[in-house]
Structure formats: structure tokens, C-alpha cells
Amino acid sequence: MSPLAPQPPRRVAVIGGARVPFARSDGPYATASNQEMLTAALDALVERHGLQGPGAVGEFVAGAVLKHSRDFNLARETVLGSALDPRTPAYDIQQACGTGLQAVIAAANKIALGQTESAIAGGADTASDAPLGVNDRLRRILLEARRAKTTGGRLKALAKVRPGHLVPDIPRNAEPRTGLSMGEHAAVTARAWGISREEQDVLAAASHQRLAAAYERGLFQDLVVPFRGLARDQNMRPGSTVEKLAALKPVFGLGAPGPTMTAGNSTPLTDGAATVLLASEEWAEARGIEPLAYLTAYETAAVDFVGGDVAGGEDGLLMAPAYAVPRMLERAGLGIGDFDLVEIHEAFASQVLATLAAWEKRGLAPVDRARLNVAGSSLATGHPFAATGARIVATLATLLAEREGPGRGLISVCAAGGQGVTAILERT
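Predicted model, so just to flag it, every value in this text is computed and none were measured.

Chemist: How would you sum up the overall build of the chain? Please name residues and give values.
Modeler: Each helix and strand in the chain was counted, giving 13 helices and 12 strands. For the chain, the C-alpha radius of gyration of 22 Å lies close to 22 Å, the compact-globule estimate for 428 residues. Along the first, second and third principal axes, the C-alpha atoms of the chain reach 75 × 60 × 50 Å. The 428 residues of the chain split such that 55% are buried.

Structure, rendered in C-alpha cells:
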């Protein structure tokens, strides 16, 4: 028997998305778990697209960055607690802030290869319900007691416990290899690229104003579901202006002259969850659904933010998209001018501006700011780490669909660990 001829990859359609409003940490969602938020977002997607029946969705892939040990099977437990068919397979994925977009890519690959007809991807994160680790010295003592063969041996091990051992290990927003927070890394990059305070504040103010305008014109009517008393993203400040942001004091890079990064031009710690429905063209056609857009390309990259050219800005912690996007565009035969919309995850305003500068240095045309983050982004919405990618995919697909004509959008997401995840959406 001759082997089956390989089939060309199928187009992957973005059908829709759903998310809960994003909330500032220790606020309305302070007692909400990753699973509770992700279930709310998933249930909203299931209801809006009639996915309650047996086998309605091929699989669910999602993740979280800050996870309790009980969340080891987060995606599957979310399915079991949702309105989705409990027979739907599910698995977790994690790539720091790129988790949501990587989940979309993982689901898309199976659809493209004909291994499934539909899938839901997403992510959730809570900075409020962050796991607290047992003090490592206490952990070692407890393990020693467990291994002891006699009661006396266990008591001898436990007698080593001291008051200082009871202090938990608090999660830190710091890179294990450098000990620096993401904000401090971004401050180094901002200095290297000469990013000014005013540029950052202009971008931050625009993010808030554009997000507010998008809510007012109903862009998020089918994307955001109320949760725990919130109907809109809590961090959004419609009245944000450059003048107001200019009054804030810098919070990062204080050890060097002229710090420029403030709480206003940096993303706050956030709680939230987001999902997005993907499918084959055949699946959509059989249900009479017009896809919002198609996922046509994606690329990941990583930089050496420990030993590379960090001071020069080339290998800053959040600069991997500066390499991923040019590679992806070259492979796709496209330039920046071919994109109607550009979505860059706003971990920090300085990081967005450094990325734009790096793209130009690598030969790409300047991005028209009128096409950049037209409905706001993470500075205004907030950034629940693993949820951001799914939020951006659903928002960009919706923006392309409302144009009522062909269009193309670029996605760029930076991530901890010196990584970047990028993608292209198209509407034909």
C-alpha cells in the first residue's frame, strides 16, 4: 500500500473570543482563582457560539503563569467545570507572557494539519491569588522527617524547625538569571534606545483613550462578559492625558540618571482570563459562520538577555519580537506597509517604542501610529500574563472584521525569559 500523499495545511479561522474584564490585582477578583476566571471566559464563549453539544469542540488548550500546585491540570479542570462537553480533551501550555498566543498557535497547528476541526485556546492569570511557596529550608526539613524510618527520627528532624523557617517564599517579578524585575530590565533597554519620557506618556495616554473609545462604540460587546461586578477593564482611565501622566514619579531605573518609567507608562499587575475559538473553514461553513479572520503565519524567537548585547539594547529582556517579526515577514513575503493594523503587547510603553525602533534598524518601514493598537492595549486593559495573547487575537480579528473588506494585522508579544511570540491575521 502506497503512503498517503501529504495534504497542504488548511486555513485556520478565528471565529470569536470571550474574556472577563481585566481587574487590578487585589481588587474585585482578589479571591477568584485562575480556574474560576477561565471557566467564566470559556462559558461565555460556549454560550455565544452554541458549543454545548457533544463533540462541539475538538480540544481546549490554555495556561497560566502563576499557578498553584492544584492547577497542574488547569485546562482540563476548567472544561469539567464549564458548559463545554466534559469529553473535550484539554491540556496546559506555558510560555510566560506569550502563553495565550502560544496556546492559539498550538490549537491552530492541529486544525491546519487536519487533526481536529475546532479548538478553543486561552489563558488566565491572577496576581492576587499568587501561590506562596514553603520556605525552602522548611521544605527540606519536612522531607527529611518524611524519609525518617522511626518516630524518633521524625521528631529529631522536626526539632530543627526555627521561626525563620515559617516565613513563606513570596513570588517575585524577577528573572532568575539576573535577579532584575521586568521593569528594571525594560529600563535598561529604554536607556539603550534613548526612549524619552514624553514618548512613553504619549503612547500610554493613547492606549487609555483608544480603549475607552472602543468600548463606547461597542467593539467589545461580543468579547467581554461581566464578572464579579465588572463590565469593563478596571485599569482603563478614559481621562488619561500626557499632562496627568507627566506628574507621576519614575518607579524603574532609579539607579541611573534620568529615569523615565512610571506606573502610568507601565502595565499594572492584573487578574483576568481570555479565550478564543478557532476552526477549519469547513467547520465554519457547515455552521453558516463567517470567520472574523484567518491565522496565516506565526514565529517565535529568543534573545540572550544574560550574556548578549544587553547594554546596547539588542538583546534586552523584551526584545525578542525585534527578531521574530522580521523573520516572519521575510518568510511571508510581506513588509510593514502591508498591514492595516499592528498590535504590540504593551508590557511597558518603553518596550513598545524600543521594538518599533529595532524593527526600523532591521530594515522594516516605520509603523504608522494611526494603525498601532487602535483599540488600546495592555497599558489600558492590564496584563494577566497568560490571558493577553488570546485577548489580542480576538480583538484584532474583530477589528479586521468590522472593516468589511480585506485586511491584514500583525501581532507582537514579548515575554519573560527573553522570548517573543508573533503572528499574522488576515481577512480576505
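Chemist: I'd like a description of unusual backbone geometry, backed by residues and values.
Modeler: Leave glycine aside and you will find that most residues have negative phi; peptide bonds, for their part, are mostly trans. Phi is positive for Asp 26, close to 60 degrees, though the residue is something other than glycine. Positionally, Asp 26 belongs in the loop between strand 2 (23-24) and helix 1 (34-49). Its identity is not glycine, yet Arg 228 carries a phi of approximately 50 degrees, on the positive side. Within the secondary structure, Arg 228 is located in the loop between helix 7 (197-216) and helix 8 (242-246). On the accessibility criterion, Arg 228 (35% relative accessible area) is partly exposed.

Chemist: Which residues make up helix 10 (residues 321-332), and what are the values?
Modeler: Between its first and last C-alpha atoms helix 10 spans 16 Å; for 12 residues at 1.5 Å apiece the expected length is 16 Å, and the two agree. Along its buried surface, helix 10 packs onto strand 9 (293-302), helix 11 (349-361), strand 11 (407-415) and strand 12 (419-427).

Chemist: Give a description of the packing of helix 4 (residues 136-147) against helix 5 (residues 151-158) that names residues and reports values.
Modeler: Two packed helices can be described by the angle between their axes and the distance between those axes. The N-to-C vectors of helix 4 and helix 5 enclose an angle of 170 degrees; their axes lie 8 Å apart at closest approach. Judged by the angle between their axes, helix 4 and helix 5 are roughly antiparallel. Residue-level inspection shows Ile 141, Leu 142, Glu 144 and Ala 145 of helix 4 in contact with helix 5, the latter providing Arg 154, Ala 157 and Leu 158. In the contact of helix 4 with helix 5, the residues fall into five nonpolar, no polar and two charged.

Chemist: Break down a nonpolar patch on the surface for me, citing the residues and quoting the values.
Modeler: Side chains of Val 134, Leu 142, Leu 155 and Leu 158 sit close together on the surface and give an oily, nonpolar patch of about 350 Å² of accessible area. Its location among the elements puts Leu 158 in helix 5.

Chemist: Please provide a residue-by-residue account of the packing of aromatic side chains, values included.
Modeler: For the structure on display, the rule yields three aromatic pairs. Note on Tyr 29 and Phe 227: the rings are 5.0 Å apart at their centroids and 70 degrees apart in plane angle, and the pair reads as edge-to-face. Taken together, the residues Tyr 29 in the loop between strand 2 and helix 1 and Phe 227 in the loop between helix 7 and helix 8 connect sequence positions 198 residues apart. Ring centres of Phe 252 and Phe 348 lie 5.9 Å apart, and the angle between their planes is 90 degrees; this geometry places the pair in the edge-to-face category. Residue Phe 252 is found in strand 6 (residues 250-252), and its partner Phe 348 is found in the loop between strand 10 (341-344) and helix 11; the two are separated by 96 residues along the sequence. Exposure remark for Phe 348: the relative accessible area of 6% places this residue in the buried category. Sitting above the plane of the Phe 22 ring, Arg 19 keeps its charged end 4.5 Å from the centroid. Lying across the ring of Tyr 323, Arg 362 places its NZ or CZ 4.3 Å from the centre.

Chemist: Go over the nonpolar core with me, naming the residues and quoting the values.
Modeler: In terms of nonpolar packing, the biggest core is built from 49 residues, with Leu 101, Phe 220, Val 276, Leu 278, Ile 411 and Leu 425 touching the most fellow members. When neighbours within four sequence positions are excluded, Ile 411 is seen to be in contact with Leu 101, Glu 343, Ile 392, Val 393, Leu 396, Val 421, Thr 422, Ala 423 and Leu 425.

Chemist: Describe in detail the side chain of Gln 200, supporting the description with residues and values.
Modeler: By secondary structure assignment, the location of Gln 200 is in helix 7. With relative accessibility at 0%, the residue Gln 200 sits in the buried group. Within the structure, Gln 200 has its side chain in polar contact with the backbone oxygen of Ser 196 (distance 3.3 Å). Contact partners of Gln 200, with chain neighbours within four places excluded, come to Ile 195, Thr 260, Met 261, Asn 265, Ala 349, Ser 350 and Leu 353.

Chemist: Now, about the packing of helix 10 against helix 11: what can you tell me, with residues and values included?
Modeler: Where helix 10 contacts helix 11, the two axes come as close as 9 Å, and the packing angle between them is 45 degrees. Classed by the angle they form, the pair helix 10 and helix 11 counts as oblique. Relative to helix 11, helix 10 is oriented so that their crossing is right-handed. Each of Pro 321, Ala 322, Val 325 and Pro 326 in helix 10 lies in contact with helix 11, whose residues at this interface are Thr 355, Ala 358 and Trp 359. Across the contact of helix 10 with helix 11, the residue classes break down as six nonpolar, one polar and no charged.

Chemist: So what's going on with the pattern of salt bridges? Which residues, and what values?
Modeler: Counting across every chain of the model gives 23 salt bridges. Across the pair Glu 216 and Arg 232 runs a salt bridge, and its minimum N-O distance is 2.7 Å. In this pair, Glu 216 sits in helix 7 while Arg 232 sits in the loop between helix 7 and helix 8, placing the two residues 16 residues apart along the sequence. The exposed category is assigned to Glu 216, whose relative accessible area is 59%. What makes Arg 232 partly exposed here is its relative accessible area of 34%. Across the pair Glu 314 and Arg 362 runs a salt bridge whose closest N-O atoms are separated by 2.5 Å. One end of the pair, Glu 314, is in the loop between strand 9 and helix 10; the other, Arg 362, is in the loop between helix 11 and helix 12 (378-381), with 48 residues separating them in the sequence.

Chemist: Describe the pairing of strand 10, and please don't skip the residues or the numbers.
Modeler: Here strand 10 shows two buried faces, one formed by Leu 341 and Glu 343 and the other by Val 342 and Ile 344. Taken together, the four bridges between strand 10 and strand 11 define a ladder with parallel strand orientation. By the bridge assignment for strand 11, Val 342 is matched with Leu 410.

Chemist: An account of the pairing of strand 1 (residues 12-19) is requested, with residue identities and associated values reported.
Modeler: Of all eight residues in strand 1, eight are buried, a share of seventy percent or more. Relative to strand 9, strand 1 is paired through three bridges, and the arrangement is antiparallel. Bridged to Ala 13 within strand 9 is Tyr 294. Bridge count for strand 1 against strand 8 (residues 270-280) is seven bridges, and the pairing is antiparallel. Across the sheet, residue Val 14 finds its bridge partner in strand 8, namely Leu 278.

Definitions and limits used
Residues numbered from 1 in each chain as written. Predicted model: local features only at pLDDT ≥ 70, side-chain atom pairs only at ≥ 80, totals over all residues. Heavy atoms only, no water. Helix = DSSP H or I, 4+ residues; strand = E, 2+ residues; numbered from the N terminus. Rg over C-alpha atoms; globule rule 2.2 N^0.38 Å. Buried < 20%, exposed > 50% of the residue type's maximum accessible area, 1.4 Å probe, protein only. Expected span 1.5 Å × (residues − 1). Contact = heavy atoms within 4.5 Å. Axes fitted to C-alpha atoms, helices over the stretch in contact; angles between N-to-C directions. Parallel < 35°, antiparallel > 145°, perpendicular 65-115°, else oblique. Nonpolar A, V, L, I, M, F, W, Y, C, P; charged D, E, K, R; others polar. Patch = residues over 30% accessible without salt bridge, like charges linked within 9 Å, V, L, I, M, F, W, Y side chains within 5 Å. Areas by Shrake-Rupley, 256 points an atom, 1.4 Å probe, with all protein chains shown as cover. Salt bridge = Lys/Arg side-chain N within 4 Å of Asp/Glu carboxyl O. Phe/Tyr/Trp six-rings, centres within 6.5 Å; stacked < 30°, edge-to-face > 60°. Lys NZ or Arg CZ within 6 Å of the ring centre and 35° of its normal. Core = buried A, V, L, I, M, F, W, Y, C linked by side-chain atoms within 4.5 Å. Polar contact = N/O pair within 3.5 Å; in protein donor to acceptor, adjacent residues only side chain to side chain. Left-handed = near helix turned anticlockwise from the far one by under 90°. Pairing = 2+ DSSP bridges.

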